[in-house]
Amino acid sequence: MTEPLLAVRGLCKSFGGIAATDNVDLDITPGEIHAIIGPNGAGKTTLINVLSGLLPSDAGTIHFDHANITRASAPARCRRGLARSFQITSIFRNVSALDNVALAVQSAAGHSFRLWRPARRDPALRGPARALLERVGLADRATVMAGNLAHGEQRQLEIAIVLATRPKMLLLDEPMAGMGIEESERLLHFLRELKEQYTMLLIEHDMDAVFALADRITVLVYGRVIATGTPQEIRANPDVRRAYLGDEAAA
Amino acid sequence: MTVETPATVPQSPRLTTRLRDARTSVALLLLAIAAITPVAAPALGQPFYVDVTARIMIWAIAATSLNLILGYGGMVSFGHAVYLGIAGYTVGILAFDNITNGFIQWPLALLICGLIALVFGAISLRTKGVYFIMITLAFAQMLFFLGISVEKYGSDDGLLIFTRSEFDFGFAELDLSDATTLYYVIWILLIGSVYLSHRIVNSRFGMVIQGAMANETRMQAIGVPTYRYRLTAFVISGMMCGVAGLLSANFERFISPDVMNWPRSGELIVMVVLGGMGTLFGPILGSVAFLLLSEILSTWTEHWHLIFGPFLVLVVLFARGGLSGILDRLTGRADR
Amino acid sequence: MNFILLAEQFLNGIQLGLLLFLLSAGLTLVFGIMDLVNLAHGSLYMIGAFFAATFTALTGSFVIGVLLALPATLVAGIVIEVTVLRTLYTRNHLDHVLATFGLILFFNELVRVVWGPAGLSIPLPGVLDGSVSLVLGITYPLYRLVIIIVSLAVAVGLYLLVTRTRIGMLIRAGASNRTMAGALGVNIQRLFTLVFGLGAALAGLAGMMIAPVTQASIGMGEQILILAFVVIVIGGIGSIRGALVGALLIGIIDTMGRSFLDVILLIFLPPNAAETAGPALSSMMIYILMALVLAIRPQGLFPPRGQ
Ligand SMILES: Nc1ncnc2c1ncn2[C@@H]1O[C@H](COP(=O)(O)OP(=O)(O)O)[C@@H](O)[C@H]1O
Ligand SMILES: [Mg+2]
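Residues numbered from 1 in each chain as written. Chains lettered and ligands numbered in written order. Predicted model: local features only at pLDDT ≥ 70, side-chain atom pairs only at ≥ 80, totals over all residues. Heavy atoms only, no water.

Caption draft 1: Geometry of the overall build of chain C. In terms of helices and strands, chain C carries eleven helices and two strands. On C-alpha atoms alone, chain C measures out to a radius of gyration of 20 Å, which is about the 19 Å that the 2.2 N^0.38 rule sets for 307 residues. Dimensions of chain C along its principal axes, counting C-alpha atoms only, are 60 × 50 × 35 Å. Out of the 307 residues belonging to chain C, those deemed buried represent 54%. As presented, chain C carries roughly 12,200 Å² of accessible surface, and 69% of it is formed by carbon and sulfur atoms. (Helix = DSSP H or I, 4+ residues; strand = E, 2+ residues; numbered from the N terminus. Rg over C-alpha atoms; globule rule 2.2 N^0.38 Å. Buried < 20%, exposed > 50% of the residue type's maximum accessible area, 1.4 Å probe, protein only. Areas by Shrake-Rupley, 256 points an atom, 1.4 Å probe, with all protein chains shown as cover.)

Structural data, given as structure tokens:
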């Protein structure tokens, strides 16, 4: 078996006594789309917060790409190639879409202690940023202030930002949340396209999308992993059906 | 520490496009007026305005420095006037000990400002919000009280500076004891500060500072360790404010702890907000407005704070975006 | 540095600390619950002192003066809350700083117009004048002892109010988690006004009590306000317990430092160096303490839970 790109062991995170991440083990193989599903409040977002370093973990280890990143800062993790999107869109609302992506390109291009040359006229930043906007289908919206983009466009923009950091692996927190049917459809296609290039940890509510995309699925309930397996295995797992899929027939 | 940001960041830093907007025009006009004041004011029989203008320009440099971290970085430093005092006292104390060489005084003053900003910033930037405001205030008060307690250098009576900084280039001498020379040195350094801000704000570094203000979490999540950039901005800003401090000490030939007392820091914030935070020329507009307003109100009544205090409250409640915002609205720029 | 002097200065430190606590308690609650930076809190301290001076002069009794000045300061606080501060809750910290900076300028000037620039002193009633003998041969000014006792009583009362009553529970809920208090169905607006009025009265009380020792003067509020900032930054914003610990710490260290640091420095330094460094260091000491605390715990010693 290939060595996992992301290996999580015994990860715990609690908020004042409530265990939001409870002894989670997780292995993500290079190239796979690994979906995390679970009811609201199961701790999916918390898991991504801890994996991306925005929240410190209480216990457990995280290894990514041959390195122990358990104590690494959020920026350091991103620089290692672990990039994330947010359930609630997180972009720079007061600048243009292009500026948003250019800033992420800039971050990936090394340190930013460059205080003299104008960044907005730097082709090394603008070029790749434009290409990425093109790729997510926002080329003609490049100069629009990000806060003025439609909700779906903002979600796409965030993905462009994530890709601009030149990641090895994406942590996507409900990328389709709040999107229309058509937009979701397009995004689904796009994610499938991205699969060629990136390993993904995908949180998604839309079960059809999950079962269509994921190579493996982990089910989280009350912060605990109750099952991991292929979509077929998860579909057939009686625990999952009882605890989460709400299938009365399983009883 | 996060402050709401203006709705746009200019897309092009090119001066030609900026000329069109009102605040730039007004600010450039003011700078031009300042350029001819030493000639025009005495000719109009108002020589007193030369000193007024020089003082306004010194404050404008300080406000510009604060704007760099407050307007573009969202760091509400309530102790910024401390750097006026640090630089001023460096000049004053060196002069007191008969070291009047400007090539020693000025770099040393800025170096000390930078080091102190580094220490203050390193501690205060670990905190956020209210903590940051109060810590910067407390640090500034600390040095204010230090100034008061050191009797050798005049305590709260301050320190007279008998000789202004001397710059001997060998082939020529920059004679700051000549009022007009000093005036134009101030004028040039003001323009220099604004230009430096312009470069910094539009550079990669500037993008990071502004991004960290707009969305710190996102900034971290795209791989930028924001703390070190903020700290750098804090140090640059402190040093730039130091320029104002050493100019002030030279201009007034006097330095006292009062320049770093907390109301001065409050006034600096007022100037920045009044002029329009996060705009290049806002601090110039703000310091002109603030100092002229206080000048006018105080000739009107000795108790001008009675009017100015509520005025500030009204500005906060009704005039967000400051004078720049008002100018923009008057000239129909609908982007705010 | 004999024992008697040490004990006396220690008591002075406690007295300053307790006054600081009265000021900081309101400040820290207002920060914690309303998330409002109120620079004008010191103005209430000043206003309290001037009210007490006026009412004492009118009635001829300091005690009655204080009893009248307390509700007057409370009303002043509520008026400020209702007219200005209320509109600021939804604004950012910078707006708070600016607007309340404006308020300080206004109140300082208003006091100058109403009471004159010189400040007012309050004569101590005969019964409170004089000294008492404590244990071990320590004598201590009676009035300062009264300040300590009254402040302690208020502190205990405040503690009981916050920990034992329904209002206190709401205040605590609000201080650590605003949305939770909202979810409990509390009338937040009224709670805010109440807390602000309470804070104003406490600050005013501190000003009233110190006025006979120093005098009521313009700008007295800002001096102590900045100390109170240091207190709540050290203690942890929103924490009453932190305010108490921080206030006592600052009060004692500041007072003891001013009295004894030069003597201590003499052990290490030549006399003239100690003479210069003593005052300089002692004036900076509490800020250095604050920096140390923050370097280790950026949230203060007692950060309220849930933050
Ligand atoms: N910052 C936080 N502070 C306190 N509790 C939190 C925080 N973030 C999440 N939680 C709690 O942790 C649990 C898991 O939340 P979350 O990870 O957002 O779930 P999901 O994304 O699966 O819906 C919930 O009970 C939530 O209330
Ligand atoms: Mg979630």
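Caption draft 2: Examining the side chain of B:Thr100 more closely. All names here are of chain B. Take Thr-100: it is sitting in the loop between helix 4 (82–96) and helix 5 (102–124). Since its relative accessible area comes to 15%, Thr-100 is described here as buried. Those residues in contact with Thr-100 that lie beyond four places of it in its chain are Ala-95, Gln-105, Thr-163, Arg-164, Ser-165 and Glu-166. (Contact = heavy atoms within 4.5 Å.)

Caption draft 3: Main features of the sheet that holds strand 5 (residues 67–68) of chain A. Residues and elements named next belong to chain A. Taking strand neighbours across the sheet as the criterion, the four strands line up as 2-1-4-5 in an open arrangement whose pairing is antiparallel. Sheet topology places strand 2 (18–28) and strand 5 at the edges, where each strand pairs with a single neighbour. Across five bridges, the pairing between strand 1 (residues 6–15) and strand 4 (residues 59–64) is antiparallel. From the neighbouring strand, Val-8 faces strand 4, where its bridge partner is Ile-62. Where helix 1 (residues 44–52) meets the sheet, it contacts strand 1, strand 2 and strand 4, and its direction lies at approximately 115 degrees from that of strand 1. (Pairing = 2+ DSSP bridges. Axes fitted to C-alpha atoms, helices over the stretch in contact; angles between N-to-C directions.)

Caption draft 4: The packing of helix 6 (residues 129–149) of chain B against helix 11 (residues 271–296) of chain C, seen in detail. For the pair helix 6 of chain B and helix 11 of chain C, the least separation of the axes is 8 Å and the interaxial angle reads 165 degrees. Looking at the two axes, helix 6 of chain B sits roughly antiparallel to helix 11 of chain C. Relative to helix 11 of chain C, helix 6 of chain B is oriented so that their crossing is left-handed. Along its contact with helix 6 of chain B, which presents B:Ile135, B:Ala138, B:Phe139, B:Gln141, B:Met142, B:Phe145, B:Leu146 and B:Ser149, the element helix 11 of chain C presents C:Pro279, C:Ala280, C:Ser283, C:Met284, C:Tyr287, C:Ile288, C:Met290, C:Ala291 and C:Leu294. Split by residue class, the contact of helix 6 of chain B with helix 11 of chain C holds 14 nonpolar, three polar and no charged. (Parallel < 35°, antiparallel > 145°, perpendicular 65-115°, else oblique. Left-handed = near helix turned anticlockwise from the far one by under 90°. Nonpolar A, V, L, I, M, F, W, Y, C, P; charged D, E, K, R; others polar.)

Caption draft 5: Seen up close, the interface of chain B and chain A. Taken together, the 35 residues of chain B in the interface contact 40 residues of chain A. With both chains or domains summed, chain B and chain A bury close to 3,200 Å², and 60% of this area falls on carbon and sulfur atoms. Where chain B meets chain A, there are two salt bridges. For B:Arg204, the salt bridge goes to A:Asp122, with nearest N and O atoms at 2.8 Å. For the side of chain B that touches chain A, the secondary-structure elements that each account for two or more residues are helix 7 (179–202), helix 8 (204–214), helix 9 (216–221) and helix 10 (226–252) of chain B. By residue number, the principal contributor to the side of chain B that touches chain A is helix 8 of chain B, which donates six residues. (Buried area = accessible area lost by both parts, 1.4 Å probe. Salt bridge = Lys/Arg side-chain N within 4 Å of Asp/Glu carboxyl O.)

Caption draft 6: Representation of empty space enclosed by the protein within the structure. Within the structure shown, the criterion is met by six cavities of 30 Å³ or more. Considered as a void within the structure, the largest cavity measures approximately 160 Å³ in volume. Taken together, 16 residues line the largest cavity, and the ones lying closest to its centre are A:Val95, A:Asp99, A:Leu103, A:Arg120 and B:Met207. At the level of elements, helix 3 (97–108) of chain A together with helix 8 of chain B are the ones that each hand at least two residues to the lining of the largest cavity. Element by element, the count of residues in the lining of the largest cavity is highest for helix 3 of chain A, at five residues. (1 Å grid on protein atoms, 1.4 Å probe; cavity = no way out; pocket = protein on both sides within 12 Å on 5 of 7 lines; lining within 4 Å. Points joined across faces, edges and corners; volume = space filled by probe spheres on them.)

Caption draft 7: Structural detail: the coordination of the magnesium ion (ligand 2). Residues and elements named next belong to chain A. The protein atoms donating to the magnesium ion (ligand 2) are Thr-45 (OG1) and Gln-87 (OE1), with metal-donor distances spanning 2.0 to 2.2 Å. Taken together, the positions of Thr-45 in helix 1 and Gln-87 in the loop between strand 6 (82–84) and helix 3 put the pair 42 residues apart, joining distant regions of the chain. Relative accessible area serves as the criterion here: at 30%, Gln-87 is assigned to the partly exposed category. (Donors = N, O, S within 2.8 Å, 3.2 Å for Na, K, Ca; no water.)

Caption draft 8: A look at the site of ligand 1. All names here are of chain A. What surrounds ligand 1 is the set Phe-15, Ala-20, Pro-39, Asn-40, Gly-41, Ala-42, Gly-43, Lys-44, Thr-45 and Thr-46. Between Gly-43 and ligand 1, the recorded distance is 3.0 Å, taken from a backbone N or O atom to an oxygen atom. A total of 560 Å² of accessible area belongs to ligand 1 in isolation, and the protein chains cover 58% of it. It is helix 1 that provides the largest number of residues to the shell around ligand 1, a total of three residues. Classifying every residue of the shell around ligand 1 by side-chain character gives four nonpolar, five polar and one charged. (Near = heavy atom within 4 Å. Polar contact = N/O pair within 3.5 Å; in protein donor to acceptor, adjacent residues only side chain to side chain.)

Caption draft 9: Just the interface of chain B and chain C, in detail. In this assembly, 45 residues from chain B lie in contact with 47 residues from chain C. The largest contributions to the chain B side of the interface with chain C come from B:Tyr131, B:Met134 and B:Trp262, which together make up 16% of the buried area. Summed over the shared surface of chain B and chain C, the number is zero salt bridges. Linking chain B with chain C are six residue pairs in polar contact (both at pLDDT 80 or more). With 14 residues, helix 6 of chain B is the single largest residue contributor to the side of chain B that touches chain C.

Caption draft 10: Quick look at helix 10 (residues 240–268) of chain C. The largest bend along helix 10 of chain C reaches roughly 55 degrees and is located at C:Phe260. Two or three places before C:Arg241, at the opening of helix 10 of chain C, C:Ser239 has a side-chain oxygen 3.5 Å from that residue's backbone nitrogen. (Bend = angle between axes of the 7 residues up to and from the residue.)

Caption draft 11: View of the domain arrangement of chain A. Residue and element names in this part refer to chain A. What the domain assignment reports for chain A is domain 1 (1–81 + 170–251) and domain 2 (95–166). A separation of 27 Å is found between the C-alpha centroids of domain 1 and domain 2. With 16 residues of domain 1 in contact, the opposing surface of domain 2 contributes 13 residues. Summed over both sides, the interface between domain 1 and domain 2 buries roughly 1,200 Å², with carbon and sulfur atoms accounting for 57% of that surface. Counting the surface domain 1 buries against domain 2, the share from its top three residues, Arg-79, Met-179 and Phe-190, is 30%. By residue number, the principal contributor to the side of domain 1 that touches domain 2 is helix 6 (residues 181–194), which donates five residues. (Domains from an automatic or database assignment.)

Caption draft 12: Representation of the pairing of strand 4 of chain A. Residues and elements named next belong to chain A. Of the pairings in the sheet, the one linking strand 4 to strand 5 comprises two bridges and is antiparallel in character. Each bridged residue has a counterpart across the sheet, and for His-63 the counterpart in strand 5 is Asn-68. Counting the residues that bridge the hairpin from strand 4 to strand 5 gives two residues, and of these Asp-65 lies at a positive phi of roughly 50 degrees.

Caption draft 13: Quick look at the side chain of B:Ser155. With respect to the helices, strands and loops of the structure, B:Ser155 is situated in the loop between helix 6 and strand 1 (159–160). At 3.4 Å, the side chain of B:Ser155 forms a polar contact with the backbone oxygen of B:Ile148.

Caption draft 14: View of the packing of aromatic side chains. What the rule picks out here adds up to 28 aromatic pairs over all chains. With 5.2 Å between their ring centres and 65 degrees between their planes, B:Phe48 and B:Tyr49 make a pair best called edge-to-face. On the basis of relative accessible area, B:Phe48 is assigned to the partly exposed category, the value being 48%. Exposure remark for B:Tyr49: the relative accessible area of 38% places this residue in the partly exposed category. An aromatic cluster is defined as three or more aromatic residues linked by ring pairs; in this entry it consists of B:Phe103, B:Trp106, B:Phe167, B:Phe169 and B:Phe171. Stacked on the ring of A:Phe86, the Lys or Arg A:Arg84 has its end atom at 3.9 Å from the ring centre. Geometry around A:Phe211 places A:Arg235 over its ring, the cationic atom sitting 4.2 Å from the centre. (Phe/Tyr/Trp six-rings, centres within 6.5 Å; stacked < 30°, edge-to-face > 60°. Lys NZ or Arg CZ within 6 Å of the ring centre and 35° of its normal.)

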